[in-house]
Each structure stands twice: as C-alpha cells, then as structure tokens.
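Coordinate inspection notes
This is what each chain is made of:
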There are 2 protein chains.
Amino acid sequence: MGARGEMRAEIIAVGTELLLGQIVNTNAQYISTKLAEIGIDVMFHSVVGDNRERLVSVVKTAQKRSDIVIFTGGLGPTKDDLTKETIASCIGKILMENEEAMGKIESYFVRRGIPMTENNRRQAQVIENCQVLPNDVGMAPGMAVHAEGVHYILLPGPPKELNPMFDHYAIPYLLSLISDHQVVFSKVLRFFGIGESALEELLMDMIDNQSNPTIAPLAKESEVTIRLTAKAKTVDEANRLIEGVESVIKERAGQFIYGYNDDSLHSVVVETLRNRGLTLSLAESCTGGLISRMITAVPGASSIYPGGLITYSDKVKTNLLGVTEATISQHGAISRETALEMAQNARQLLNTDLGMSITGVAGPESVEGKPVGLVYIGLSSAGGDQVFEVKLTGPREMIQIRAAKYALFYLRQAVIN
Amino acid sequence: MGARGEMRAEIIAVGTELLLGQIVNTNAQYISTKLAEIGIDVMFHSVVGDNRERLVSVVKTAQKRSDIVIFTGGLGPTKDDLTKETIASCIGKILMENEEAMGKIESYFVRRGIPMTENNRRQAQVIENCQVLPNDVGMAPGMAVHAEGVHYILLPGPPKELNPMFDHYAIPYLLSLISDHQVVFSKVLRFFGIGESALEELLMDMIDNQSNPTIAPLAKESEVTIRLTAKAKTVDEANRLIEGVESVIKERAGQFIYGYNDDSLHSVVVETLRNRGLTLSLAESCTGGLISRMITAVPGASSIYPGGLITYSDKVKTNLLGVTEATISQHGAISRETALEMAQNARQLLNTDLGMSITGVAGPESVEGKPVGLVYIGLSSAGGDQVFEVKLTGPREMIQIRAAKYALFYLRQAVIN
C-alpha cells in the first residue's frame, strides 16, 4: 500500500501457445496500457508455458520484485490449465468451489442443452479468501488475492473475457490499493520528416534533464512520436506541466509535428481538407493506390475525396490521365515533369480543388535508369503547382509507405500554409 | 551443444514502450514460430524496460536456465538503447567498432544527403568476438556471441529489420548449434471463405487424433490457416507425413485453400494472372484503392496490372468511368447493375483481359438505404461477366479488408476454373 509511483507491477502470461508463437501476447499490452493510465508502473512481462515447475520459478522471482503480479491464462477447464492451483500452493492457500461461479456454469450447460463434463466443475474453483472477479462473458472467474505484501490478480486468457473483467473488476481493485490520488496524464506528439536521432539531438538537454513530465521518443513506421507523461494532483496541473514542455519542443521542431495522440497523417489530411472545404483527387503510380486507401480508411472521406486514378503503366498515364507522350519520352515517367502533369490532369479530370500525384521507383529494380527510392510528388491547386522530390531507402513496401506518408505530409503543409 | 530437444531458448525483449503498452511484442511470436520449426524449445519470454539494473537481473536469471538467450530491441542510436553494452558487461566483454557496419551507416547518410549525428556511430559498435548478423534493411547490426555455455543473440527491435536478419543470419547460426539431425518441417495451408469453427468441424476427427504431423488451425485477419508440423529423420520423410494429412484436408475443404506458407491472396492472384498472361484493371469504390494497393505491393505487379480507378463518388463513376446515370438512379451505386458496368467499363477503358469492380457500404453509416457490409463485386472478361454479392460485418476497416479479400478470392476462382 503506497503512493502510486511506488506500486510496481508485473504481468505473467501462462500458455504454451504463446511460446510456440501461435498467438501474440496482446493481453500484456492491454493491461500495460490500462496500468499506465492509472499510474501503476509495469516493470516486467513474462510468458511461461503450461508447466508447474517453471511457473513456480517465475512466481518466486515475481514475489521478490513486485507489489502486484497479474496472471493471464490457464484458468480453463483442461488439464494444462494450472495457474490457480500453482499460485494457491505458492502462497499456501487452497482452492474452494465458488457457488456463484458453479451456478453460472451449470446454467450455461442447461441453456445449451449439452451435458456438463466433470472438468467444467474445476472452473468454479477459486483460491480461498480471494475476491472473485466475475466473468461476464465466459465461465472461468478471475481472482484477486493478497498474501505477504503482494497482490495477485488472476485473469482468463481470451481477450474478450479478460478485457471487460480487467476494466470492470480488476481496475477498481487496483485503484483501492492506491492511497494517494495522483493523476497520470499523457500526450503523444506525432512527427514526420525527421528521424529519431535527429529529433533527439534537437531535444538532448530536455531528454537528459527530464523528470515530470517524462519525455519518451519512439520511432515506428517511418514516424517518430514523443510521449509526454506528467504526474500531478489534478488533470489541470498535469496538463500545465505537459504544455510547458510541449511549447519548447514546438519552438525547436514544430514544423515536423503533424498531430497528437491517435492522429495519423491521413486522418489529419482528411480533417484539414474538410475544415477548409477543399476536395482532392489523386493520380498514383508507384504507391499503387496506397494513398487513396489511407484516405478512404477515414470515415467520411467521401466529403473531400471523390476519387482518383492508379496509373501504373505509362500507357495509362497517357491514355487515361492525358500526360503527353512527349513529356514521358523526354523526361521519363519518373520525373518532375510527369509528376506535375499527372497532378494537373487529375485535378482537371476529377474537377477538384487539389490534385496530387506520385511517381517513383518502389523497387526492387531500378526503372529508366533511376534509382530505387527516387520519388516525385506533384501538387496542383488554384494557387499554383509544386513538385517535391524525395529519396527513400528500404524494401519495396517500406518505400511505398514512406512515399505515401511524404505525400500526405507535403499536402498538409501546403494546405495549412 | 546437444540434441535439438535439449536446446532451451528464451526471448528477452528490451523496451519501455512494450511495458507501457505502446506496442505489442510481435517479435517474440515471430521468433518463437521460427524456433518451433527448427525444433528448438522456447521456455520463456520476458520483457524488460530500458533500464540497466533490471536488464542485468533478467540476464542473470536467463543464464542459469537457458542455452540460447535471444534479445530484441535496444540496439538503436539513442541513450536508452543499452542492450549490447549491458550484455557485454554481463559476460565480461567489451564493445568494438565494426568497420562494415560503420561504412554502411556513413554511406546511408551520404546517400540521403543529410549529416550523420554522433550518436549514429554507436550503432556500429558490436561485442568483441561476436559473429555480426548483418542488417540488410536498417543500420544496427545484430550479434551472436557465445560465453560460458550460453549463446546470446542480439537483434534489432523493428520487425522489418529483425525478421530478415533472423531468417537469413540467426537461423543458420542456430542450426549450426544442433548436433543431431531430426528435421522439423512445417507447411501452412491458407484458407479463405470458411470460418475457423466450420473448418474445425470438417476436420474434427483428424484434429482429435493428431500426432505427427500436428495440425494447428489459427484464425487471423479474416483468414484461417492450418499449420502441419512433422518431425522425421529426413525432409523427404517429413514431407511424406505432411502430404498424407494434407491430401485428406484437401478432399474435405480443398475449395477453400488458396495458397501455402507465405502466400497471400494478392500474391497468389498476381502469380496466377502472370502465369496465364492475363492483365487486370480495377474500379474500386468502397475499398478506395485497397485492392490496387495489395496487388501493387507484389514486386512485378506491373506485368499484370496497368492501373485502375478509384470511383468513390457517383459523379466520378459516371463522368470518368462512364457508368450510365440511369443505372445509378434506378438501382443505386450499390447494386449488381452498377458493379457490372463498373467492371465492364474498367476493362474497356484500360484495355485489359479482366476488369474487376467493387461497390458497397463500408460504414459506419448505411448508404442508399442499403445496410453496412453489403458489397457487390463485378468481374468482366472475354468469357463473360459475373457479379458476386457478399454481406460482411465488423467496423469500417475490417469490412474494407474483407471485401478486398473476397474480391481477390473470387477473381482467383474465376481465373483457375
């Protein structure tokens, strides 16, 4: 029992299927996200198979280093479900049948009209003196039990059972352990067009001297995010702490920030165009429909995006999109000139405020003697036309994704400036 | 050094972002799957934050219980990347600059035309006397190093870098450790158009009585796979065991099998069309470019796919694609009739052997009084025209993905029949 910052938790998943790679440990992620929100620090995740001896060894390590140990999986009816027996014996307790859980299991089998097998009875057993965490979706109840300064929480493996049980019953249990009422609040800043190490150089002194809020950079999918996490007595105070640091980051690297929290480049583009009442058409070559696909993944994209063309071959560029043959023969399909005509013609053909084009070499082979990764992005509007050149590296799909993101980034920049 | 079955491995992921729940530990799954294939048992997964002291404690536990310890993450250029320094100190070794890695990093910055920052030099350091595992995609090299009976393998965190490094360099290293020659061989059968439980019902007796090969069904991303894994003295023998079971599965559910192992619906479609010398054009409405994007993700797609149209609005369907206004006003944009004209006109406009179209309601709102999830897929060829109707459930993006997969599945069926 202590201040939030002092509570250390770890998550132990029990299940051989995880060790075989048959499933991925999304439960650990789910629980970690929720614990971060209430300010409980997660120090370790572990996965162990359906094996008593190895599970015991993991429990013993956990007891020494954590205040809260959360188990997922191994609560089912079959022989290899041994979590609760093992935890009970590790903390010197026995299992007892829980009436409510037993009633639920019996009525399930009555409802389905199928006979209940003996091993289903095992699901109704819980650790003595535990707090039962009801399972509103399935049969195996969860448990919370305290022994020698450590809180043990046992949750079922299937996410559709675990998630509601965790939200509705485990979170209130955990909140009751926390004596003070500090708030933990996070804000994610999303960057594009700058690498992780370049961004860190710009913010080096801040990262070195961080305390509250913490400053955590992360590179993922060709983007960089910085998560600012503040602890304070109130949300307002946490927000003020974050705003202070955020404003300094904006001074130094604001031109690379495109959004916050759950934003994506495409959601930001759709929102920006919608707010300004602008429509967009696309002519994609090397990205083959990816930009269009990203935009139309956003609900309500139809208000800004009537459609586009995938002009993968030169013939389609000339016949369907009307790029002049002379442009392609003189400069190549991968050129500023072709990108420009593609954007202009898309805008005209689809009668939109903005026309954007993209043509380049996604690889694996070079084209027209031009290197893999060379990409031209055209942008046409009533205010004038522009072409951007980018040079990308990586395998084909990464080049396509990064090219699409650059196009969306430049589009947003052009519209907001 | 021992028989395969005696080799015990564990996987340690280093990264606070995992403990915060910002990302899920897919690397552990990837590596576990691959180790299972070569018959190395994975006993534990762990995740630890970017913290030297806690990483040391995890390494010490691992040294006592495992023959092979695989680390993921923490090889990047920033301060919190401390995996290699920590492992080196745990096993009494130092770090040294690797010339090849350094050359690669320098040339990357020269190629991109941006200045190299000092912290990038750190990425070129490796543990003395290690075997460098080259990074063909990124900058941080991997390492394999042996000390006091334990093999340590260090891999970068980003899956795009880790996966090829593991396949091409770590797997051969691991195979060289195994003294006996039992072969573990897997084959994945890929199904579409049938649910996991329906497929399991068809194969119930086989799943109940499985031994060698094992039969492991898995539902993922609207598809179902069955992994057959055989152990035998030779690859031929393992293959024969797999073929026996596979042929029974094919008798019962062969019409739902579209591919094997790393195949995807789009890679299979590109290959099938290429083998038959057929070209395809697309007119996409509700999928907004997704099918086109899937096809163009396949290297060499240009030989079968010259291009397509995204006809998201009705106006673009009529003006650009030439669907008659009467068809849309009588039947609606989401109708068999519109799907048919879209496919026919795409085929004609783009002068291809096949024209495929898709129009439907991706949601979240219904359109034209038609329910979310209703999708029509049109297919036009010299041999005749067809329209398929599918009714899908789920959130917008899942409907778009499943609609695209149905279109690819029907396209493949039509071409091979």
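Above this text sits the structure in question.
Residues numbered from 1 in each chain as written. Chains lettered and ligands numbered in written order. Predicted model: local features only at pLDDT ≥ 70, side-chain atom pairs only at ≥ 80, totals over all residues. Heavy atoms only, no water.

**Side note on the side chain of Arg402 of chain A**
Along the chain, the position of Arg402 of chain A falls in helix H15 (residues 396-416). We note that Arg402 of chain A is buried and unpaired, the nearest opposite charge coming from Glu161 of chain B at a distance of 9.4 Å. Beyond its immediate sequence surroundings of up to four residues, Arg402 of chain A is in contact with Phe192, Ser222, Leu392 and Thr393 of chain A together with Arg112 of chain B. (Helix = DSSP H or I, 4+ residues; strand = E, 2+ residues; numbered from the N terminus. Buried < 20%, exposed > 50% of the residue type's maximum accessible area, 1.4 Å probe, protein only. Lys, Arg positive; Asp, Glu negative; His and termini not counted. Salt bridge = Lys/Arg side-chain N within 4 Å of Asp/Glu carboxyl O. Contact = heavy atoms within 4.5 Å.)

**Quick look at the interface of chain A and chain B**
Contacts between chain A and chain B engage 71 residues on the former and 71 residues on the latter. Of the roughly 5700 Å² buried between chain A and chain B, counting both surfaces, carbon and sulfur atoms make up 57%. Ranking the residues of chain A by area buried against chain B places Leu19, Arg293 and Tyr312 of chain A at the top, with a combined share of 11%. Where chain A touches chain B, the interface holds two salt bridges. With a shortest N-O distance of 3.5 Å, Glu397 of chain A and Arg293 of chain B are connected by a salt bridge. At the junction of chain A with chain B, the criterion picks out 29 residue pairs in polar contact (both at pLDDT 80 or more). The class makeup of the residues in the side of chain A that touches chain B is 33 nonpolar, 24 polar and 14 charged. Summarising the sheet, strand S14 (residues 307-311) of chain A and strand S14 (residues 307-311) of chain B pair through five bridges and their orientation is antiparallel. (Buried area = accessible area lost by both parts, 1.4 Å probe. Polar contact = N/O pair within 3.5 Å; in protein donor to acceptor, adjacent residues only side chain to side chain. Nonpolar A, V, L, I, M, F, W, Y, C, P; charged D, E, K, R; others polar. Pairing = 2+ DSSP bridges.)

**Describing the side chain of Ser292 of chain B**
Its location among the elements puts Ser292 of chain B in helix H11 (residues 290-296). Judged by relative accessible area, Ser292 of chain B falls into the buried class, the value being 0%. Discounting chain neighbours no more than four positions away, the residues touching Ser292 of chain B are Gly288, Gly289 and Ile310 of chain A together with Leu282, Glu284 and Tyr305 of chain B.

**A few points about the sheet that holds strand S9 (residues 183-191) of chain A**
Residue and element names in this part refer to chain A. Sheet architecture is open: four strands sit in the order S10-S11-S9-S12, paired in antiparallel fashion. In this open sheet, the two edge strands, each paired with only one partner strand, are strand S10 (214-220) and strand S12 (257-260). Going across the sheet, the axis of each strand differs from the next one's by a mean of 25°, ignoring polarity. Across nine bridges, the pairing between S9 and strand S11 (residues 223-232) is antiparallel. For Phe185, the partnering residue across the bridge sits in S11 and is Ala230. (Axes fitted to C-alpha atoms, helices over the stretch in contact; angles between N-to-C directions.)

**With respect to helix H14 (residues 336-349) of chain A**
At 3.6 residues per turn, the α-helix brings residues three or four places apart onto the same side. Residues and elements named next belong to chain A. Helix length check: H14, at 14 residues, gives a terminal C-alpha distance of 20 Å against a target of 20 Å (1.5 Å per residue), a fit within 8%. Along H14, the residues classified as buried are Thr338, Ala339, Glu341, Met342, Ala343, Asn345 and Ala346. Phi turns positive, to about 55°, at Asn351, one or two residues after H14. (Expected span 1.5 Å × (residues − 1).)

**Notes on the packing of helix H3 (residues 52-65) of chain A against helix H4 (residues 83-90) of chain A**
All names here are of chain A. Running from N to C, H3 and H4 cross one another at 50°; their axes reach a closest spacing of 10 Å. Between H3 and H4, the crossing angle belongs to the class labelled oblique. Here the hand of the crossing between H3 and H4 comes out right-handed. Contact residues: H3 offers Arg52, Leu55, Val56, Val59 and Gln63, while H4 offers Thr83, Glu85, Thr86, Ile87 and Cys90. (Parallel < 35°, antiparallel > 145°, perpendicular 65-115°, else oblique. Left-handed = near helix turned anticlockwise from the far one by under 90°.)

**A word on the sheet that holds strand S1 (residues 8-14) of chain A**
The 12 strands are arranged S6(A)-S7(A)-S8(A)-S3(A)-S1(A)-S2(A)-S2(B)-S1(B)-S3(B)-S8(B)-S7(B)-S6(B) in an open sheet whose pairing can be described as mixed. Each edge of the open sheet is held by one strand with a lone partner, namely strand S6 (131-133) of chain A together with strand S6 (131-133) of chain B. Averaged over all pairs of adjacent strands, the angle between their axes in this sheet comes to 15°, without regard to strand direction. Against the sheet, helix H6 (residues 159-175) of chain B touches strand S3 (68-72), S6, strand S7 (142-147) and strand S8 (150-155) of chain B, its axis set at about 160° to S8 of chain B.

**Some thoughts on the packing of aromatic side chains**
All chains considered together, the criterion is met by 13 aromatic pairs over all chains. Summarising the aromatic geometry, the rings of Phe409 of chain A and Tyr410 of chain A are spaced 6.3 Å apart at their centres and angled 55° between planes, so their arrangement reads as tilted. This pair shows no difference in class: Phe409 of chain A is buried, exactly as Tyr410 of chain A is. The ring of Tyr260 of chain A carries the charged tip of Lys187 of chain A above its face, separated from the ring centre by 4.7 Å. One Lys or Arg, Arg65 of chain B, reaches over the ring of Phe44 of chain B and ends 3.6 Å from the middle of that ring. (Phe/Tyr/Trp six-rings, centres within 6.5 Å; stacked < 30°, edge-to-face > 60°. Lys NZ or Arg CZ within 6 Å of the ring centre and 35° of its normal.)

**As for the environment of Gly355 of chain B**
All names here are of chain B. Relative to the elements of secondary structure, Gly355 occurs in strand S15 (residues 354-360). Among the residues examined, Gly355 registers a relative accessible area of 0% and is labelled buried. On a C-alpha basis, the gap between Gly355 and Lys250 in space is 30 Å, while along the polypeptide they are 105 residues apart.

**Regarding unusual backbone geometry**
Residue and element names in this part refer to chain A. Note that the residue after Asn212, namely Pro213, is joined by a cis bond; omega there is 10°. Structurally, Pro213 is set in the loop between helix H8 (196-208) and S10. The amide bond that connects Gly363 to the next residue, Pro364, takes the cis arrangement and shows omega of 5°. Looking at where Pro364 falls in the secondary structure, it is placed in the loop between strand S15 (354-360) and strand S16 (374-381). Of note, Glu148 is a non-glycine position whose phi angle comes to about 50°, a positive value.

**What about a positive patch on the surface?**
A cluster of basic side chains, namely Lys60 and Lys64 of chain A together with Lys60 and Lys64 of chain B, defines a positive patch on the protein surface. Residue assignment for the positive patch shows that the elements contributing at least two residues are H3 of chain A together with helix H3 (52-65) of chain B. Relative to the elements of secondary structure, Lys60 of chain B occurs in helix H3. On the basis of relative accessibility, which here comes to 47%, the residue Lys60 of chain B falls in the partly exposed class. (Patch = residues over 30% accessible without salt bridge, like charges linked within 9 Å, V, L, I, M, F, W, Y side chains within 5 Å. Areas by Shrake-Rupley, 256 points an atom, 1.4 Å probe, with all protein chains shown as cover. Charge placed at Lys NZ, Arg CZ, Asp CG, Glu CD.)

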